[in-house]
Amino acid sequence: MGLQINHRSVIKALFKDYLILVAIIALVFVTIIFEPKFLSSANLTNIMRQFGPLSMVSLGMTFVIIGGFIDLSVAGIMSLVAVITVSLIEPAGQFPALIAGLCIGAAAGYLNSAVILTCGALTSAEALFITFGMSTVYGALALIFSKGATQHMSWITSGTWVYDAIGQGSVGFLSVSFVVFLLCLFILYIFQQKTYLGRAVFLTGCNKTAAELSGVHVKRSIRLIYTISGIMTAAGSIMLFSRVTTASPVIGKNYETNAILAVVVGGTTLRGGEGSVLRTVLGVMLVTLLSNCMNMLGVSTFMQTVLKGAILIIAIWLDNRKES
Amino acid sequence: MENIDSEAILKMKDVTKTFPGVKALEKVSIEVKRGQVLGLVGENGAGKSTLMKILSGVYTKDSGTVIFDGETIENITPVESLHRGLSIIYQEFNLVNSMTVGENIYLGRFKEMRGMRGTHAKARELLDSIGSRIDTWSLVSELSVSEMQMVEIAKALSFNSKLIIMDEPSSSLTADELKKLFDIVHQLKKRGIAIIYISHKLDEIFDLCDIVTIMRDGHVIDTKPVGELTRNDMIAKMVGRSIENEYPERPRCAVHCPSDTLLEVRSLNTKKLHDISFTLKKGEILGFIGLVGAGRTEIVRAVFGADKVKGHDIRINGKHIKIKNPRDAKAAGVAFVPEDRKLQGLALSFSVKHNISMAALDRLTKYGFLNTSAEKGIAEKHIKALGIKTPHMNTTAVNLSGGNQQKCIVGRWLEINPNILILDEPTRGIDVGAKYEIYLLMKKVVENGGSIILISSELPEVLNMSNRVLTICEGRITGEFDPEEADANSIMEKAIGLSGEGKI
């Protein structure tokens, strides 16, 4: 499913996907044995809803990581988008607020890339710290804007049916957020596999110098991946506050780690130049199911964090082991 | 295991190594005696590197025996082999740039050396013994390539090596530095140290080695004393067919049939370049000669828009053209094959197909979407036309030999039908057969009306292939020659800057 289709990489890809599928199935199986309620329709709907925000952020993150960079600013962007969008619903209307939220995400993402390109910070480590810095800036802006207070959707008197639909609605047996996710996945997959810029992102991640010297738009790719990440993060943010019906100025906390976890566990390498949004879907499934199952089994959230960290390390280890 | 010739330090017998799908080595036997220099030659992919990696313990052999210093060697690790007295000096040095020379030589053994003072004293001794005057306290990052090589040799000696393998040791040395290297090799020989010298440069093999082992496709084709081989024999055995000449007949143009100016560069200035002006005629091969670091690469990179320039005036076909980045250059019909294949040329983890289509991607795009079937066509066309040896167009580029990788990059640029093809060290590290094919390609480009700028550290290559050469020294153009008339010495004088005209 990667960009190259030779035998070795197919086997490699299958092995990677197979391993994660085994992990997902084992997880579900164990949970069902100990807690049959896992299969209740209430819980399954719940999982589908939890899936939404993280899947959006992770799809965006996939592009950044394939491009050979990383984006730690998603936590800050999520918080900023959440507080501004919610506060705009009443004065500006539901749809304008939604559009504004997405635009803020895009602008914040673009700003990241602008800072990175201006600094000439073209290594993954530099991008890591720059986006970390930007995350604190966006997070602080969210706190300043909201004066540190959490806003409740129920305070809005002018109607919130759009957000109710995103957070609670369903189309048939699928939640609205899941349908949005499928749509985004389809568009991004086509974009990644079939378009010039999709290819340019891969080439940038593989070898920036060679790509630039062949006349591939490297800078444009870098701007693009961060902008996509920004928009997708904003979409994730809107899904999240719609579901929990409150917009706290720290709502995006931990999303950067979870998204990177999902992307890497899915099998997109942190070295860049290789991977796919489809793989990320598996990664998001694992991470979401992990939270859900652990919650059902009564594992403390602290322990869950330990487990996630361990999984990330194991995923990187496996990835590098297969390389050598 | 004392049944071996006491003189032989290394004896490999019937060593076979198979990788999935490829037989890398098939019953390879090699023998080196103490104090002997064995030249190991063969095209890229002939199995030389695999052989060396088996010796050092990076790979394990499937079958066969290796006897080193009287002992049979099985499942050795690289560190063990080093301690047994087998050192390999790779093309890419294993040095820590941020540490001093002395520390590098005794890396990890400071305790045995009783601290830094002992380390540096010992290092000094070693360097003196090979006649090197490098300060043991200077940082490796401050050294020249040849000095780094000396440090590597000293490091090998610090392990009391009985056999030193040098992999392409001369690839970035100047003539003087090469002579120094030869002196050292002769010294080591006298001390009874055996050397395996791997090189594509046949002159060096003839000058330096006692015996030569020729490999092809994982087999040893022949082992003979150097004196019993002629250059052409050797080439024929390496490539499996005879090549009449190392260079094709020089494309006759420019000088003999003066034609229009295609490219004109006026007062090009950067941090390193000073007032570079030159012209390139239609159908001409223009050679750049100069030392590594003289500014040859900087000139073409500036023309191609890869580096920032302080100000320049580039005209193509008389029209002023603004080149701010490689895309502008590409649009103007300029193509650039960079000097470092792996770092600047290839997307190594990508397929051959994707590597070939890289420069043509924007042409394959309609409404933002790539035409992937046309991409396949392009890859197919160039794989066939250039004779790129690859199992499939979807094979990853990293699996190809150097020559075939280079052809991928050349094919990438031929696809855009360039007027001006810039080749920076196009034959570095590739074998004789592939070299010849690259030369033929150059000829074809010129015959089809294109022009070429050729940069190479191999003087014979530039002199044999160019219609006109420019010498470059310390960021200035110091001379212009007709390679058919000028003698090599006067060209080199200008290139090294001996005549003083370079510095105004």
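Residues numbered from 1 in each chain as written. Chains lettered and ligands numbered in written order. Predicted model: local features only at pLDDT ≥ 70, side-chain atom pairs only at ≥ 80, totals over all residues.

> Requested: an account of the overall build of chain A, with residues and values cited.
The number of helices and strands found in chain A is 13 helices and four strands. Taken over the C-alpha trace, chain A has a radius of gyration of 19 Å; the compact-globule value for 324 residues is 20 Å, and the two agree within 12%. Referenced to the eigenvectors of the C-alpha coordinate spread, the extents of chain A come out at roughly 55 × 50 × 35 Å. Partitioning the intrachain contacts of chain A with sequence separation of at least 6 by distance along the chain shows that 79% fall at a separation of at least 24. (Helix = DSSP H or I, 4+ residues; strand = E, 2+ residues; numbered from the N terminus. Rg over C-alpha atoms; globule rule 2.2 N^0.38 Å. Contact = placed C-beta atoms within 7 Å.)

> I'd like a rundown of the overall build of chain B, residues and numbers included.
Scanning chain B from terminus to terminus reveals 17 helices and 22 strands. Compactness check: chain B gives a C-alpha radius of gyration of 24 Å against a globular reference of 23 Å for 504 residues, within 12% of the reference. With the C-alpha coordinates of chain B rotated into their principal frame, the extents come out at 75 × 55 × 45 Å. Across the 504 residues that make up chain B, the buried fraction comes to 46%. Sequence separation of at least 24 residues holds for 67% of the intrachain contacts in chain B that already meet a minimum separation of 6. (Buried ≥ 20, exposed ≤ 12 C-beta atoms within 10 Å, placed from the backbone.)

> Lay out the sheet that holds strand 22 (residues 476-481) of chain B in plain terms, naming residues and giving numbers.
All names here are of chain B. In space, the six strands of this open sheet follow the order 16-19-20-13-21-22, with mixed pairing throughout. Among the strands making up the open sheet, the edge pair consists of strand 16 (334-337) and strand 22. Mean inter-strand twist for the sheet, computed between neighbouring axes without regard to direction, equals 20°. Both strand 16 and strand 19 (residues 420-424) contribute to a ladder of four bridges, which runs parallel. Paired with valine 337 across the bridge in strand 19 is leucine 423. The strands that helix 17 (residues 488-496) touches are strand 13 (285-289), strand 21 (468-473) and strand 22; relative to strand 21, the one it contacts most, it runs at about 35°. (Pairing = 2+ DSSP bridges. Axes fitted to C-alpha atoms, helices over the stretch in contact; angles between N-to-C directions.)

> A description of the interface of chain B and chain A should follow, citing residues and the corresponding values.
Across the boundary between the two partners, chain B contributes 28 residues, which contact 20 residues of chain A. Counting residues per element, the ones that place at least two in the side of chain B that touches chain A are helix 10 (326-331), helix 11 (341-345) and strand 18 (369-370) of chain B. Its residues placed into classes, the side of chain B that touches chain A shows 14 nonpolar, ten polar and four charged. (Nonpolar A, V, L, I, M, F, W, Y, C, P; charged D, E, K, R; others polar.)

> Break down unusual backbone geometry for me, citing the residues and quoting the values.
Its identity is not glycine, yet A:Asn254 carries a phi of approximately 75°, on the positive side. Within the secondary structure, A:Asn254 sits in the loop between strand 4 (246-247) and helix 11 (255-266). Given 12 C-beta atoms within a 10 Å radius, A:Asn254 is considered exposed. Unlike most non-glycine residues, B:Asn317 shows phi in positive territory, near 55°.

> Tell me what's going on with the pairing of strand 8 (residues 194-198) of chain B, and back it up with residues and numbers.
Residue and element names in this part refer to chain B. By the criterion of burial, strand 8 is predominantly enclosed, with five of the five residues buried. Neither face of strand 8 is left uncovered, since the one carrying Ala194, Ile196 and Ile198 and the one carrying Ile195 and Tyr197 both have all their residues buried. Across four bridges, strand 3 (residues 37-42) lies against strand 8 in parallel orientation. Bridge pairing in strand 8 links leucine 38 to isoleucine 196. In terms of strand pairing, strand 7 (residues 163-167) meets strand 8 through five bridges, oriented parallel.

> Could you give an account of the packing of helix 4 (residues 94-119) of chain A against helix 10 (residues 218-244) of chain A, naming the residues involved and the relevant values?
Residues and elements named next belong to chain A. Running from N to C, helix 4 and helix 10 cross one another at 145°; their axes reach a closest spacing of 7 Å. The hand of the helix 4/helix 10 crossing is right-handed. Across the contact of helix 4 with helix 10, the residue classes break down as 14 nonpolar, ten polar and two charged. (Left-handed = near helix turned anticlockwise from the far one by under 90°.)

> How would you summarise the sheet that holds strand 15 (residues 319-321) of chain B if you had to cite specific residues and measurements?
All names here are of chain B. Across the sheet, which stays open at both edges, the four strands sit in the order 12-11-14-15 with antiparallel pairing between neighbours. The sheet is open, and its two edges are formed by strand 12 (276-281) and strand 15, each paired on a single side. Recorded for the sheet is a direction-independent mean angle of 20° between the axes of neighbouring strands. Alignment of strand 11 (residues 261-269) against strand 14 (residues 311-316), held across five bridges, turns out to be antiparallel. Paired with asparagine 269 across the bridge in strand 14 is glycine 311.

> Describe helix 8 (residues 196-206) of chain A, naming the residues involved and giving the relevant values.
In terms of residue burial, helix 8 of chain A counts as a mostly covered element, since ten of its eleven residues are buried. Summarising the contacts, the buried residues of helix 8 of chain A are in contact with helix 2 (41-66), helix 7 (176-194), helix 9 (208-213) and helix 10 of chain A together with strand 18 of chain B.

> Residue-level account of the nonpolar core, with values.
In this structure, B:Ile195, B:Tyr197, B:Ile422 and B:Ile453 are the most contacted members of the largest nonpolar core, which totals 228 residues. The element best represented in this core is helix 10 of chain A, accounting for 14 residues. Once residues lying within four places of it in the same chain are set aside, the contact partners of B:Ile422 are B:Val300, B:Phe304, B:Val334, B:Ala335, B:Phe336, B:Val337 and B:Ile453. (Core = buried A, V, L, I, M, F, W, Y, C linked by C-beta atoms within 7 Å.)

> Talk me through the packing of helix 3 (residues 74-92) of chain A against helix 10 of chain A; I want residue IDs and the actual numbers.
Residue and element names in this part refer to chain A. Orientation of helix 3 relative to helix 10, taken along the N-to-C sense of each, is 55°, at an axis distance of 8 Å. By the angle between their axes, helix 3 is oblique relative to helix 10. Handedness of the crossing formed by helix 3 with helix 10: right-handed. Two secondary-structure elements touch here, helix 3 through Val74, Ile77, Met78, Val81, Ala82, Thr85 and Val86 and helix 10 through Ser229, Gly230, Thr233, Ala234, Gly236, Ser237, Ile238, Leu240 and Phe241. Residues belonging to the contact of helix 3 with helix 10 are distributed by class as follows: ten nonpolar, six polar and no charged. (Parallel < 35°, antiparallel > 145°, perpendicular 65-115°, else oblique.)

> Residue-level account of the pairing of strand 6 (residues 86-89) of chain B, with values.
Residue and element names in this part refer to chain B. Covered by surrounding structure in strand 6 are Leu86 and Ile88 together with Ser87 and Ile89, the residues of both alternating faces. Strand direction decides the pairing type here: strand 6 and strand 7, joined by four bridges, are parallel. Within strand 7, the residue paired with isoleucine 88 across the bridge is isoleucine 165.

> Could you give me a rundown of the confidence of the model for chain A, with the residues and numbers involved?
As a general rule, the predicted coordinates of low-pLDDT regions are not to be interpreted in detail. Across chain A, the average pLDDT comes to 89, with 94% of residues at 70 or higher. Confidence drops under a pLDDT of 50 for residues 1-5 of chain A, and excluding neighbours within four residues, the segment shows 18 contacts in the predicted structure. (pLDDT = per-residue confidence, 0-100.)

> Please provide a residue-by-residue account of the environment of B:Gly403, values included.
Residue and element names in this part refer to chain B. Relative to the helices and strands, glycine 403 is located in helix 14 (residues 402-414). Exposure remark for glycine 403: the 24 C-beta atoms within 10 Å place this residue in the buried category. Through-space distance from the C-alpha of glycine 403 to that of leucine 188 is 32 Å; in sequence the pair is 215 residues apart.

> Can you lay out helix 14 of chain B for me, pointing to particular residues and giving the numbers?
Residues and elements named next belong to chain B. If you check helix 14, its first and last C-alpha atoms are 18 Å apart, about what 13 residues at 1.5 Å a residue would give, namely 18 Å. Here helix 14 lies mainly inside the structure; twelve of its 13 residues are buried. Where helix 14 is concerned, the buried positions are Gly403, Asn404, Gln405, Gln406, Lys407, Cys408, Ile409, Val410, Gly411, Arg412, Trp413 and Leu414. Against strand 16, helix 11, helix 12 (352-357), helix 13 (372-386), strand 19 and helix 15 (432-447) lie the buried residues of helix 14. (Expected span 1.5 Å × (residues − 1).)

> Can you lay out the environment of A:Gly159 for me, pointing to particular residues and giving the numbers?
Residues and elements named next belong to chain A. Relative to the assigned elements, glycine 159 resides in the loop between strand 1 (151-152) and helix 6 (161-168). With 12 C-beta atoms counted inside 10 Å, the residue glycine 159 sits in the exposed group. As a C-alpha pair, glycine 159 and valine 64 span 95 residues in sequence and 36 Å in three-dimensional space.

> Lay out the environment of A:Ile66 in plain terms, naming residues and giving numbers.
All names here are of chain A. Looking at the secondary structure, you find isoleucine 66 in helix 2. Spatially, the C-alpha atoms of isoleucine 66 and isoleucine 77 are 20 Å apart, while their sequence positions differ by eleven residues. Ignoring anything within four residues of it in the chain, the contact list for isoleucine 66 reads Val201, Phe202, Gly205, Thr268, Gly272, Gly273 and Gly275.

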